[in-house]
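Architecture at a glance
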Amino acid sequence: MIDQLGNGLLLGIIISVASVALSLLYGVTRIVNFAHGEIIALGAIVTLFLSGPVDSKILFLERFSPLGISFAVSAIIGVILCGVFGGLLELLLFRPLRKAEVGNIAVLVVTIGLSIFIRHLYLLFATGRVQNFPLDLERRQTYLFIEMTPRNFKVLIAGLIVMIIIGLFLTFTRIGKAMRAVRDSGELASVSGINSDNIILFTWISSSMLAGLAGIFQAIINDVRYNMGFLILLLIFAGTVLGGIGTSFGAMVGGLLIGIFVQVSVALPFMEGHTEAKNAVALAIMILILLFRPQGIFGQKERIS
Amino acid sequence: MKLSIKWLVTILITIFSIYLVFALNDEGPLRILFNLLTFAGIYGLAAIGLNVHFGLTGLLNFGHASFMGVGAYVTLLLIPHAAGREGEITESGLPFLLAVFIGVIAASLFGLLLGLPAIRLRGDYLAIVTIAAAEIFRLLVRDLESITGGVYGIINFSDSLQKYRPIFLENFVSNYELNPSQIWVGLLSWISILFVLLILRRLTNSPWGRALRAVREDEDAVRALGKNAVWLKLQSFMLGAGIAGLAGVFLAFNYGSLQTTTFVPLLTFYVWAIMILGGVGSLSGPIFGSIIFWVIISETDKLASLIFENANGQQLAGVRFVLVGLLIMILMIFRPSGLLGKKEELLLNVK
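Treat the numbers as computed from the prediction; the structure is a model and nothing was measured.

Time to look at the overall build of chain A. Of regular secondary structure, chain A possesses 11 helices and two strands. For 305 residues, the compact-globule estimate of 2.2 N^0.38 gives 19 Å, and chain A sits close to it at 19 Å. Reported as C-alpha extents along the three principal axes, the dimensions of chain A are approximately 55 × 50 × 35 Å. Taking all 305 residues of chain A together, the buried fraction comes to 54%.

What follows is the structure, given as C-alpha cells:
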C-alpha cells in the first residue's frame, strides 16, 4: 500500500491543481466546464512541441519540426499560452453567451461540444500517438518512506508551492478578494464597484494557466496524448466535489485525496486483479458525496436539488 | 400534424441529405444509404429515449450510453453467444423476444437504480453524476471478464435474430448486393421507432404526459397540485432508459459483436447531438435529426480527403468528431430548439 502512496500523491497533485482551476472557474462563472480537460492537454502539447528535439517529427502532421527550446522555458510558455487561450475563450465565446443570457444548461452543453471539437483537433493536427517529453530517464529514490524519481518529487513540491501561492493570492491580494466576492455574490460585488467582467476574464486566464500547468505535470509523470485531459476530467470533477464545489481550499485537498484513493485502492484486497476499475472507486466516492454531503468536506450548505 | 414551415424545411433538408448520398457516391450509393439508415434508426431510437428524459421531463442525462449498454449486455448474455478471451460458448438460452424483453426491463431498472438517488440533484450535478455512473458501468463491465467477456467482448450471437429474417428480404437484397443481416436489423429498428412513437404520442397527450411536462416547467406547482413529482421523474427515467436499452440491443446486432469500447461517453454525445439537431421535446424530431446526422457523418470522408491526402482511419474519426463537436456547439448557441423543437419548451436554465 505504501508503494502506491507515492503514485497516489503524484496523481493527487495533478488532480489537485486541475481541481482548483475548475473550482475557481465554477465558483466565479457557474460554468461546469467540460472543456477543462482540453486546456490541460493544451499545456502538455504546447510544451512538447516547443521542447521536442528539432530533428524529430512528432507533432502537427509530421510537417513541422519541434523547436527544441529548453524544457523549463517551454513549460513557462506553455502555461502562458494556456492562459491566452482561456482568455480568448471567454472573450470570443463565453462572454457573448453571457451577454445574450444563454442559460447555464445550454452553456454546459456548449462546453461539451467545445471539448469534443478541440480534443479531436488535437488528434488531427497535434498527436494521435502517445508521446513523451524529451527528458532523461531517472532512477527512483526514497524520500522519507516514499519512492519516486527525483523529477516527480520536484513536480510534487512544485505543485504544493503552487497551491500555497494560490491560497495566499486569494486571501490577500485585491484581485483575489474580488474573485471571491464575485463568487459569493455577483450582484453585491458589482454594487461595491467590482467590474465582474474583468474578474471573470481574469478567472478564465488564471484557471486555464493552472489547467495547463496540471497538464504539464501530468505529461512529466505519465505521457502526452490528445485525450489526456478527458481521461482525468471525471477524476477532477470528483476532486472538486469531494472538497466542496466552489471552495478552492477544498478542491486542493479533495483532488489530493481522490488521487490517493485511486492509487491506493489498487492495493485493497477486493481490488486484486481489478486494477483497471480503480477509477470507478473515485467516481463512486463522488456520487456518494453528492448524495449524502453535497457541500463536500469543506463547502458550505447550498441548495443543489 | 399541421404542416408548418418548420416541418416543410425539415423534410426538405432530410430529402436533400439523402439526395447528397446519391450525388456524392458514384459506386454503391444504395449500400451506403442503407448502412447509414440502419445507424440512423438505432441512434434515432436512442435519441427518442433521451428526449423523454431531457425534452419531456428536463432531466440532464449524460449517461445514456450505460442504458444502451445494460440493454445490450443483458439481452446478449441470455441468448446463445460466445464470450471472453477463450470465446466460451453458451449454447442454451432464452427465446429471443423474451431475452430482449428482459434486457429492456433491465435497462429500465438500471434507470430506476441510477434515478432514485440522482433525481434529487439539480441539473448540472445530475449531468456529472450520470456521466460518472455510465463510466462506472463501463469500467465494471470491462473488469468483470468472467461474466461479460471483458475487453474481449461477446461474439456469435447474431443467429438468434437472423434466423427470423424473412425470405422476401433476401430477394430484395440480392438484387442490390446489400448485406441482408444489416438490412434486417435496420428494418427492425425502424419498426421499433414507429411503435415507440405511437406509444409515446398516446402517453404524452395523456394526463400523465401533461404532468411530466409540468414537472419540467415548475416542479413546485406540480407538488402543490398533489402529484408526486419525484415518482413522475423516475417513471420518465425508466421509460427513456428502456427505449435506450432496446436501441443498445440493435446496436450490438448491427455490429455483430459487443465491445465495452462501444459505450464510451462519446456514444452519449452522439445521441445528444442527434436529439438537439432533431429538436428537443419534439417526439419525431430525432428521426429526422438522426438521418441528417448520419448523412453528415458518413460523408465526412469526402471532407477528410480534402484536408488530408490518403486520410487514415484515425484522421477520418477525428474529422467526424470535430464536426460533431462543432454541430453541438453551433446548434446550442444559435438554434437550441433544433429543427422541430419549440423554444419555449426548452429547459436551458437551472431553476
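Here the narrative resumes, following the displayed structure.
Turning our eyes to something else, we now look at the overall build of chain B. Looking only at helices and strands, chain B has 16 helices and three strands in total. In terms of overall dimensions, chain B is globule-like: its C-alpha atoms have a radius of gyration of 20 Å, near the 20 Å expected for 351 residues. Considered along the principal axes of its C-alpha atoms, chain B spans approximately 60 × 50 × 40 Å. Taken across its 351 residues, chain B has 53% of its residues classed as buried. The contacts of chain B with a sequence gap of at least 6 include a subset with a gap of at least 24, amounting to 76%.

In the predicted model, chain B carries a mean pLDDT of 87, and the fraction of residues at 70 or more is 97%. Two summary scores accompany this predicted model of the complex, namely pTM at 0.91 and ipTM at 0.89.

All names here are of chain B. An order of E2-E1-E3 is seen for the three strands of this open sheet, with the pairing classed as antiparallel. Since the sheet does not close on itself, it has two edges, and those belong to strand E2 (88–90) and strand E3 (154–155), each with one partner. Relative to E3, strand E1 (residues 81–83) runs antiparallel, the two being bridged by two bridges. Across the sheet, Ala83 pairs through a bridge with Ile154, a residue of E3.

Between chain A and chain B, the residue contacts involve 34 residues of the former and 39 residues of the latter. Looking at the side of chain A that touches chain B, the elements with two or more residues in it are helix H4 (104–126), helix H9 (228–243) and helix H11 (278–292) of chain A. Per-element tally for the side of chain A that touches chain B: the top contributor is H4(A), with 15 residues. Here the residues of the side of chain A that touches chain B sort into 25 nonpolar, eight polar and one charged.

Our focus in this paragraph is the packing of helix H9 (residues 180–205) of chain B against helix H12 (residues 229–255) of chain B. Any two packed helices are characterised by the angle at which their axes cross and by the distance between the axes. Residue and element names in this part refer to chain B. Relative to each other, H9 and H12 sit at 170 degrees, their axes nearing to 9 Å. One element, H9, and the other, H12, form an angle in the roughly antiparallel class. Of the residues in H12, those in contact with Gln182, Val185, Leu188, Ser189, Ser192 and Val196 of H9 are Ile243, Leu246, Phe250, Phe253 and Asn254. Residue composition of the contact of H9 with H12, by class: seven nonpolar, four polar and no charged.

All names here are of chain A. A positive phi angle, near 55 degrees, is found at Glu101, a position not held by glycine. Inspection of the secondary structure puts Glu101 in the loop between helix H3 (71–99) and H4. The class of Glu101 is exposed, set by 8 C-beta atoms lying within 10 Å.

The next point concerns the nonpolar core. By size, the foremost hydrophobic cluster in this structure holds 220 residues, and its most contacted members are A:Ala238, A:Met286, B:Ala273 and B:Ile328. Excluding anything up to four places from it in sequence, A:Ala238 contacts A:Ile258, A:Ala282, A:Leu283, A:Ile285 and A:Met286.

The next point concerns helix H2 (residues 36–51) of chain A. Look at H2(A): 23 Å from first C-alpha to last across 16 residues, which is about the 22 Å you get at 1.5 Å a residue. The buried count for H2(A) comes to 16 of 16 residues, which makes it a mostly enclosed element.

With that out of the way, let us pick up the environment of B:Ile307. In this structure, B:Ile307 sits in helix H15 (residues 300–307). Between the C-alpha atom of B:Ile307 and that of B:Val319, which follows or precedes it by 12 residues, the distance is 9.4 Å.

So, about the environment of B:Gly69. Residues and elements named next belong to chain B. One can find Gly69 in helix H3 (residues 64–78). Given 28 C-beta atoms within 10 Å, Gly69 falls into the buried group. In this structure, the C-alpha to C-alpha distance between Gly69 and Gly103, residues 34 residues apart in sequence, is 9.7 Å. Not counting chain neighbours up to four residues away, the residues in contact with Gly69 comprise Phe137, Arg138, Val141, Gly248 and Phe263.

We now examine the packing of helix H1 (residues 5–24) of chain B against helix H14 (residues 285–298) of chain B. Residue and element names in this part refer to chain B. Running from amino to carboxyl end, H1 crosses H14 at an angle of 30 degrees, the nearest separation of the two axes being 9 Å. By the angle between their axes, H1 is roughly parallel relative to H14. Handedness of the H1/H14 crossing: left-handed. Taken together, the residues of H14 that come into contact with H1 (itself represented by Thr10, Ile13, Thr14, Ser17, Ile18, Leu20 and Val21) are Phe288, Ile291, Ile292 and Val295.

Parameters at a glance
- Residues numbered from 1 in each chain as written.
- Chains lettered and ligands numbered in written order.
- Predicted model: local features only at pLDDT ≥ 70, side-chain atom pairs only at ≥ 80, totals over all residues.
- Helix = DSSP H or I, 4+ residues; strand = E, 2+ residues; numbered from the N terminus.
- Rg over C-alpha atoms; globule rule 2.2 N^0.38 Å.
- Buried ≥ 20, exposed ≤ 12 C-beta atoms within 10 Å, placed from the backbone.
- Contact = placed C-beta atoms within 7 Å.
- pLDDT = per-residue confidence, 0-100.
- Pairing = 2+ DSSP bridges.
- Nonpolar A, V, L, I, M, F, W, Y, C, P; charged D, E, K, R; others polar.
- Axes fitted to C-alpha atoms, helices over the stretch in contact; angles between N-to-C directions.
- Parallel < 35°, antiparallel > 145°, perpendicular 65-115°, else oblique.
- Core = buried A, V, L, I, M, F, W, Y, C linked by C-beta atoms within 7 Å.
- Expected span 1.5 Å × (residues − 1).
- Left-handed = near helix turned anticlockwise from the far one by under 90°.

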